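# Report on the structure
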Amino acid sequence: MIKITNHQLFRLTAAHFAEIIREPSVIFWGVVFPILMAWGLGIAFTQKAGIQAKIAIFKDVYHQNTSENTKAINFLTANSVKKDSTYSVLLKNDKLGDVKLNFIETSASNAYTLLKKGSVSLIIEDKKDGVNYHFDPASTEAKAAYNLATNLFLKGPLFYSSNESEIIPLTLQGTRYVDFLIPGLLAMGIMMACCWGISYTIIDRRSKKLLRRMVATPMKKSNLLFALITARFTMNLVEALLLFVFAWIYFGVKIQGNWLALIVLFIAGNIAFSGISILLSSRTSNTEVGNGIINAVVTPMMVVSGVFFSYHNFPDWTVNLIKYLPLTMIADGFRTIFNEGAGFMDVWQAALVLTLVGTVSFLIGLKIFKWY
Amino acid sequence: MTNLEYIVEVRKVKKSFKDVKAVNGVDLQIRPGEFLALLGPNGAGKTTLVEMIEGIQHPDEGEILIDGKKWKSHQQELHHMIGLSLQETRFMDKLTAYETLRLFASFYKLDSSRVNEVFKLIGLGEKKKAFVNNLSGGQRQRLALGVALLNKPKILLLDEPTTGLDPNARREIWNILLDLKKEHNTSLILTSHYMEEAEYLCDRIVIMDQGNILAEGTLEEILTITGGHRSLDDLFISLTGRHLYD
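Predicted, not measured: the structure shown is a model, and the values here were computed from it.

### Here's the deal with the overall build of chain A
- For chain A, the count of helices and strands is 14 helices and six strands.
- On C-alpha atoms alone, chain A measures out to a radius of gyration of 28 Å, which is more than a quarter above the 21 Å that the 2.2 N^0.38 rule sets for 372 residues.
- Seen through its C-alpha atoms, chain A measures out along the principal axes to roughly 95 × 40 × 40 Å.
- Counting all 372 residues of chain A, 39% fall into the buried class.
- A separation of at least 24 residues holds for 78% of the contacts in chain A among residues at least 6 apart in sequence.

Here it is in structure tokens:
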């Protein structure tokens, strides 16, 4: 009976795992980067109690070089705190969260420069008897600033808190952007780790003739692929756990659904992308071609599968295609478990399809696999 | 236990890649314990021939017998009998030399005691814990040789084992091979660009070009038969019009 530490499957798995954990860049891109991304996006897009809106304001051509005050500036002089050339108005609302409007008085040309740089989203051209608003109607941020400014000038600063009693803030878990984001990032992590970790490793080893050297021994070929997938799966599990623990501690993200369902879907997702990775890497021994093949698969899915934003923003006819992409199925499944309290019965079909996709891809990949 | 005259027999073997005839009807026999050098410039067909003997490539025509057996029907058995070092193989960068040998040892169901023996054999004991990417070119070649020797092969196939090495590193490899010749009855097929390597190590020399064998025999035989050339390099130029290292 051969000792387990002398068994080729153990040695191959240990070797692949050692290669992963000994490469600092793998640790950075696999562990640190997703956490940084979750932190950055979570902070940037999660609604906080106090927000600021910056608006540029300039006097029209008839008043720009005069000390005569125009309509909005007259209003702001009476209703705001002025520091340097910025008028600040604090709109208070306990339920919505306070909003601080900063009106930056400047020249017309500088106002447009500020808009182009994204420092302001709205420009007010201030006249003697009224104001004009310059902004991009497609920008929701600009439209919100426009609504706040018009109401402010029309009704005064108290307008913002006048209808507070009508507002009932959501206290449901899983409705924040970060609740949407984390399951998407976990799904994307599986795809990226498999496609780069398995496909690229195989192509690289083929190009270095290591595969050829290995199959010139009594090594069982399936052990090599199985070990590579096992090492990658173990690392994916660690990466996902670290990302989840961060999201749980820092953002309070919780799994409302069934843990078992989550584990099943996680395994199915890994099977899907492991199989796809074997298929992607089955032929080429050129790492640059490999780069292209992997990117051609992962980039479109990363963009359309709703990792960062809902894919329902795409045209309806594409949504029916997008929701059957492997990454979408994993991300959607994770979200229903995290945020909607889903159980095994809600995700078993997705898990089954993902497992089939992985198995079929693996078998095709193995059939056409070039060992040298 | 077979007791054949030849450990390797190559019979009328042909191999083409698209329009290129890499090996064009070659016959070759190697005796047990014999060291044979395959010399020829790039594209001569040496590597293709060696890879067919290794079972990595398959001949289009002809047959190859190793210890009287064919690859098709005795793959597992022959893998255990052969040790090889391919041209420019790169092992996993982030494994240590020891881990690399343990990995390959596991393919032959060998344990750490054989790995330690091989480290002594290749004189790389002090680099056991060094990562592969921190080894010099010569040390990597010795590691590749160590991998080839793990299973105590009856036949050793080395494809340009000293290409790119400085003279000292080259000599270290030669000494390991000469020790093997002395202590075991290992047969060696070696491809090389280097005349002195063939002269120093091998009992018999085969000169190939464009998929054909141009001359074959001991160094003296070849030089005599082909018209009393002073050196292999002179002979090679007269046979092919090119230097061996072209």
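### Here's the deal with the pairing of strand β5 (residues 82–85) of chain B
Residue and element names in this part refer to chain B.
- Burial along β5 is two-sided: Ile82 and Leu84 facing one way and Gly83 and Ser85 facing the other are all buried.
- Where β5 lies against strand β6 (residues 155–159), four bridges are found, and the strand directions are parallel. Its bridge partner lying in β6, serine 85 is registered against leucine 158.

### As for the packing of helix α7 (residues 177–207) of chain A against helix α10 (residues 259–280) of chain A
All names here are of chain A.
- Two numbers describe how α7 lies on α10: the axes approach to 8 Å, and their chain directions differ by 30 degrees. With respect to each other, α7 and α10 are oriented roughly parallel. When you trace α7 past α10, the crossing you get is right-handed. On α10, the residues touching Ala187, Ile190, Met191, Cys194, Cys195, Ile198 and Ser199 of α7 are Gly269, Asn270, Phe273, Ser274, Ser277, Ile278 and Leu280.
- Residue composition of the contact of α7 with α10, by class: nine nonpolar, five polar and no charged.

### Examining the nonpolar core
- Counting residues in each nonpolar core, the largest one holds 146 residues, and the members touching the most others are Ala187, Met191, Cys195 and Leu265 of chain A together with Ala37 and Leu38 of chain B.
- Here the element with the most residues in this core is α7 of chain A; it accounts for 18 residues.
- Ignoring any residue separated from it by four or fewer positions in sequence, one finds alanine 37 of chain B in contact with Leu190, Ser192, Ala198, Leu201, Cys202, Ile205 and Val206 of chain B.
- In terms of nonpolar packing, the next biggest core, distinct from the first, is built from 23 residues, Ala72, Ile73, Ile123 and Leu152 of chain A among them.

### Comments concerning the confidence of the model for chain B
All names here are of chain B.
- Summarising the model, chain B shows a mean pLDDT of 88, and 96% of its residues fall at 70 or more.
- Model confidence for chain B, summarised as mean pLDDT per element, is weakest for helix α9 (residues 232–240) at 75 and strongest for helix α3 (residues 97–107) at 97.
- Of the two predicted TM-score estimates for the complex, the pTM is 0.81 and the ipTM is 0.88.

### Some thoughts on the interface of chain B and chain A
- Chain B puts 24 residues into the contact, and the matching count from chain A is 21 residues.
- Going through the elements one at a time, α2 (71–81) and α3 of chain B are the ones with two or more residues in the side of chain B that touches chain A.
- Top element by residues in the side of chain B that touches chain A is α3 of chain B. It accounts for six residues.
- Of the residues contributing to the side of chain B that touches chain A, the split by class is ten nonpolar, six polar and eight charged.

### Focus on the packing of α3 of chain B against helix α4 (residues 112–122) of chain B
Residues and elements named next belong to chain B.
- The contact between α3 and α4 brings their axes to 9 Å, and the two run at 125 degrees. Our classification of the angle between α3 and α4 gives oblique. Note on packing geometry: the crossing formed by α3 with α4 is right-handed. Counting all contacts with α3, which are made through Tyr98, Leu101, Arg102 and Ala105, the residues of α4 involved are Ser112, Arg114, Val115 and Val118.

### Quick notes on the sheet that holds strand β7 (residues 187–192) of chain B
All names here are of chain B.
- The six strands are arranged β5-β6-β7-β3-β8-β9 in an open sheet whose pairing can be described as mixed. The strands lining the two open edges of the sheet, one partner per strand, are β5 and β9 (212–217). Between one strand axis and the next, the sheet turns through 15 degrees on average, direction left out of account.
- Pairing between strand β8 (residues 204–209) and β9: five bridges, direction antiparallel. If you follow isoleucine 207 over to β9, its bridge partner there is alanine 215.

### Focus on the environment of histidine 312 of chain A
All names here are of chain A.
- Mapped onto the secondary structure, histidine 312 falls in the loop between α11 (287–304) and α12 (316–322).
- Classification of histidine 312 as exposed rests on a count of 10 C-beta atoms within 10 Å.
- When the C-alpha positions of histidine 312 and phenylalanine 17 are compared, they lie 38 Å apart, and in sequence the two are 295 residues distant.

### Here's the deal with the sheet that holds strand β4 (residues 99–105) of chain A
Residues and elements named next belong to chain A.
- Ordered in space as β2-β3-β4-β1-β5-β6, the six strands form an open sheet in which the pairing is mixed. Bordering the open sheet on either side are β2 (81–83) and β6 (131–134), each of which pairs with just one other strand. Strand-to-strand twist of the sheet, defined as the mean angle between neighbouring strand axes without regard to direction, takes the value 25 degrees.
- Judged from the five bridges that link them, strand β1 (residues 51–59) and strand β5 (residues 122–126) form a sheet pairing that is parallel.

### Topic: the environment of aspartate 60 of chain A
Residues and elements named next belong to chain A.
- Here aspartate 60 is to be found in the loop between β1 and α3 (71–79).
- You can call aspartate 60 partly exposed: it has 15 C-beta atoms within 10 Å.
- Through-space distance from the C-alpha of aspartate 60 to that of glycine 358 is 64 Å; in sequence the pair is 298 residues apart.
- Apart from the residues within four sequence positions on either side, aspartate 60 is in contact with Glu125, Asp126 and Lys127.

### Observations concerning the environment of aspartate 316 of chain A
- Relative to the helices and strands, aspartate 316 of chain A is located in helix α12.
- Here the alpha-carbon distance between aspartate 316 of chain A and valine 120 of chain A, two residues 196 residues apart in the chain, equals 33 Å.

### Here we look at helix α5 (residues 140–155) of chain A
Residue and element names in this part refer to chain A.
- For α5, which comprises 16 residues, the first-to-last C-alpha distance of 22 Å matches the rise-based estimate of 22 Å (1.5 Å per residue) to within 8%.
- Restricting attention to buried positions, one finds in α5 the residues Ala142, Ala145, Tyr146, Ala149 and Leu152. Along the long axis of α5, the arc covered by the buried residues comes to 135 degrees, so they all point the same way. Looking at α5, the residues exposed on the side facing more than 90 degrees away from the buried face are Thr140, Asn147, Leu154 and Lys155.
- At the C-terminal side of α5, glycine 156 shows a positive phi close to 90 degrees.

### As for the pairing of β6 of chain B
All names here are of chain B.
- Along β6, five of the five residues are buried, which leaves the element largely enclosed by surrounding structure.
- Side chains Ile155, Leu157 and Asp159 of β6 all project onto a buried face; the interleaved residues Leu156 and Leu158 project onto the opposite face, where all are buried too.
- Pairing of β6 with β7, which is carried by five bridges, proceeds in the parallel orientation. Along β7, the bridge assignment pairs aspartate 159 with threonine 191.
- The parallel pair β6 and β7 is bridged by helix α6 (residues 167–183), and the resulting crossover is right-handed.

### A closer look at unusual backbone geometry
Residues and elements named next belong to chain B.
- One non-glycine residue, lysine 18, adopts positive backbone phi at about 50 degrees.
- Secondary-structure assignment places lysine 18 in the loop between β1 (8–17) and β2 (20–30).
- Under the C-beta neighbour-count criterion, lysine 18 is labelled exposed, with 4 such atoms within 10 Å.

Conventions we followed
Residues numbered from 1 in each chain as written. Chains lettered and ligands numbered in written order. Predicted model: local features only at pLDDT ≥ 70, side-chain atom pairs only at ≥ 80, totals over all residues. Helix = DSSP H or I, 4+ residues; strand = E, 2+ residues; numbered from the N terminus. Rg over C-alpha atoms; globule rule 2.2 N^0.38 Å. Buried ≥ 20, exposed ≤ 12 C-beta atoms within 10 Å, placed from the backbone. Contact = placed C-beta atoms within 7 Å. Pairing = 2+ DSSP bridges. Axes fitted to C-alpha atoms, helices over the stretch in contact; angles between N-to-C directions. Parallel < 35°, antiparallel > 145°, perpendicular 65-115°, else oblique. Left-handed = near helix turned anticlockwise from the far one by under 90°. Nonpolar A, V, L, I, M, F, W, Y, C, P; charged D, E, K, R; others polar. Core = buried A, V, L, I, M, F, W, Y, C linked by C-beta atoms within 7 Å. pLDDT = per-residue confidence, 0-100. Expected span 1.5 Å × (residues − 1). Arc of directions from axis to C-beta. Right-handed = clockwise from strand over helix to strand, strands pointing away.

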